[in-house]
Number of protein chains: 2
Amino acid sequence: MKPRVTIEYCPKCGWLLRAAWMAQELLTTFVEELHSVELQPSEVGGSYIIHLDGEILMNRKDLGHFPEIKEVKQLLRDRIAPEKSLGHSDRK
Amino acid sequence: MKPRVTIEYCPKCGWLLRAAWMAQELLTTFVEELHSVELQPSEVGGSYIIHLDGEILMNRKDLGHFPEIKEVKQLLRDRIAPEKSLGHSDRK
């Protein structure tokens, strides 16, 4: 089974648009590698958490800021496709 | 557990954008009712299938055209929130 990403976002904070944009970024970059990206409204205010197969990959509250898409892609790549180049989103 | 929608789309056909738009429509209308909407690239070319808790709700190949968002909302409402009004998306 290919890995599954879940983006848990706070709907009352208006973060659906950001979550949906990130989902599209990840599904474009990792179209071969991912099973799916799930958008999940959180029951907890202020949540913005990216899960990989049920484990927390990045959490806005721990980071102190929103996860940046470049960092999300790098971290996800390291976990699911370590050989993959991310082009200009890659670290030097 | 709240119901879960999956939109299975053909990535090679370029249908991610449509699927992501529909996910946002459903998550906006059914924010209280749905657990999540999952975007899943299909392994089968030409697929555009909306699943509700693993069952097929609408399938482009059976319909002969893309599911329309108004019909998707009506059908989903009938299944998960029969008392809910959809405002101008409702049938007369």
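Given the structure is predicted, the values throughout are model-derived calculations rather than measurements.

A. Geometry of the state of the cysteines. Residues and elements named next belong to chain A. Across all of its chains, the model carries two disulfides over all chains by this definition. Each disulfide pairs two cysteine sulfurs, and for Cys-10 the partner residue is Cys-13, the sulfurs being separated by 2.3 Å. Taking the torsion about the sulfur-sulfur bond, which here is approximately 75°, the covalent link between Cys-10 and Cys-13 counts as right-handed. Overall, Cys-13 belongs to the partly exposed group, its relative accessible area being 34%.

B. Focus on the interface of chain A and chain B. Counting residues at the interface gives 21 residues for chain A, matched by 21 residues for chain B. Where chain A abuts chain B, roughly 1600 Å² becomes buried across the two surfaces, and 57% of that area is made up of carbon and sulfur atoms. Applying the counting rule to chain A against chain B returns four salt bridges. Ionic pairing is found between Glu43(A) and Lys2(B), a salt bridge with its closest N-O pair at 3.4 Å.

C. How the structure looks around the packing of helix H1 (residues 16-29) of chain B against helix H3 (residues 69-80) of chain B. Residue and element names in this part refer to chain B. The geometry of H1 relative to H3 is characterised by a closest axis approach of 11 Å and an angle of 40° between their N-to-C directions. As judged from the angle between their axes, H1 and H3 are oblique. Judged by the twist between their axes, the crossing of H1 over H3 is right-handed. Residues Trp-21, Met-22, Glu-25, Leu-26 and Thr-29 of H1 lie in contact with H3, whose contacting residues are Ile-69, Val-72, Lys-73 and Leu-76. Partitioned by chemical class, the residues of the contact of H1 with H3 number six nonpolar, one polar and two charged.

D. Highlighting the relation of the copies chain A and chain B. For these two chains of identical sequence, chain A goes onto chain B by a turn of 180° and a shift of 0.0 Å along the axis, with RMSD 0.0 Å. Here the symmetry operator amounts to a two-fold rotation axis. Minimal C-alpha separation from the rotation axis in chain A is found for Glu38(A), amounting to 1.9 Å.

E. Region of the structure containing the side chain of Asp90(B). Residue and element names in this part refer to chain B. Checked against the element boundaries, Asp-90 lands in the segment after H3. There is a polar contact of 3.0 Å between the side chain of Asp-90 and the side chain of Arg-77. Looking at Asp-90, its side chain comes within polar contact range of the main-chain nitrogen of Leu-86, at 2.9 Å. Among residues more than four places away in sequence, those in contact with Asp-90 are Lys-70, Gln-74, Arg-77, Lys-84 and Ser-85.

F. View of the pairing of strand E3 (residues 48-52) of chain B. Residues and elements named next belong to chain B. Taken across its five residues, E3 has five buried, putting it largely inside the fold. Where E3 meets strand E4 (residues 55-59), four bridges bridge the pair, whose relative direction is antiparallel. Among the inter-strand pairings, Ile-49 is bridged to a residue of E4, identified as Asn-59.

G. Local environment of the nonpolar core. In this structure, Ile7(A) and Ile7(B) are the most contacted members of the largest nonpolar core, which totals 54 residues. Apart from residues lying up to four places away in sequence, Ile7(A) is in contact with Ala19(A), Met22(A), Ala23(A), Val37(A), Glu38(A), Leu39(A), Gln40(A), Tyr48(A), Ile49(A) and Ile50(A).

H. H3(B), seen in detail. All names here are of chain B. An ideal rise of 1.5 Å per residue puts 16 Å on twelve residues; H3 measures up with 16 Å between its terminal C-alpha atoms. Inspection of H3 places Ile-69, Val-72, Lys-73, Gln-74, Leu-76 and Arg-77 among the buried residues, and these make up the whole buried set. Next to the buried residues of H3 lie strand E1 (4-9), H1, E3 and E4.

I. Structural view of the pairing of strand E2 (residues 36-41) of chain A. All names here are of chain A. Counting buried residues along E2, six of its six residues qualify, which places the element largely inside the surrounding structure. Neither face of E2 is open: one carries Ser-36, Glu-38 and Gln-40, the other Val-37, Leu-39 and Pro-41, and all of them are buried. In this structure, strand E1 (residues 4-9) lies alongside E2, joined through six bridges in parallel fashion. Pairing of Arg-4 across the sheet is with Ser-36, part of E2.

Analysis parameters
- Residues numbered from 1 in each chain as written.
- Chains lettered and ligands numbered in written order.
- Predicted model: local features only at pLDDT ≥ 70, side-chain atom pairs only at ≥ 80, totals over all residues.
- Heavy atoms only, no water.
- Disulfide = S-S within 2.5 Å.
- Buried < 20%, exposed > 50% of the residue type's maximum accessible area, 1.4 Å probe, protein only.
- Contact = heavy atoms within 4.5 Å.
- Buried area = accessible area lost by both parts, 1.4 Å probe.
- Salt bridge = Lys/Arg side-chain N within 4 Å of Asp/Glu carboxyl O.
- Axes fitted to C-alpha atoms, helices over the stretch in contact; angles between N-to-C directions.
- Helix = DSSP H or I, 4+ residues; strand = E, 2+ residues; numbered from the N terminus.
- Parallel < 35°, antiparallel > 145°, perpendicular 65-115°, else oblique.
- Left-handed = near helix turned anticlockwise from the far one by under 90°.
- Nonpolar A, V, L, I, M, F, W, Y, C, P; charged D, E, K, R; others polar.
- Least-squares fit on C-alpha atoms with pLDDT ≥ 70 in both.
- Polar contact = N/O pair within 3.5 Å; in protein donor to acceptor, adjacent residues only side chain to side chain.
- Pairing = 2+ DSSP bridges.
- Core = buried A, V, L, I, M, F, W, Y, C linked by side-chain atoms within 4.5 Å.
- Expected span 1.5 Å × (residues − 1).

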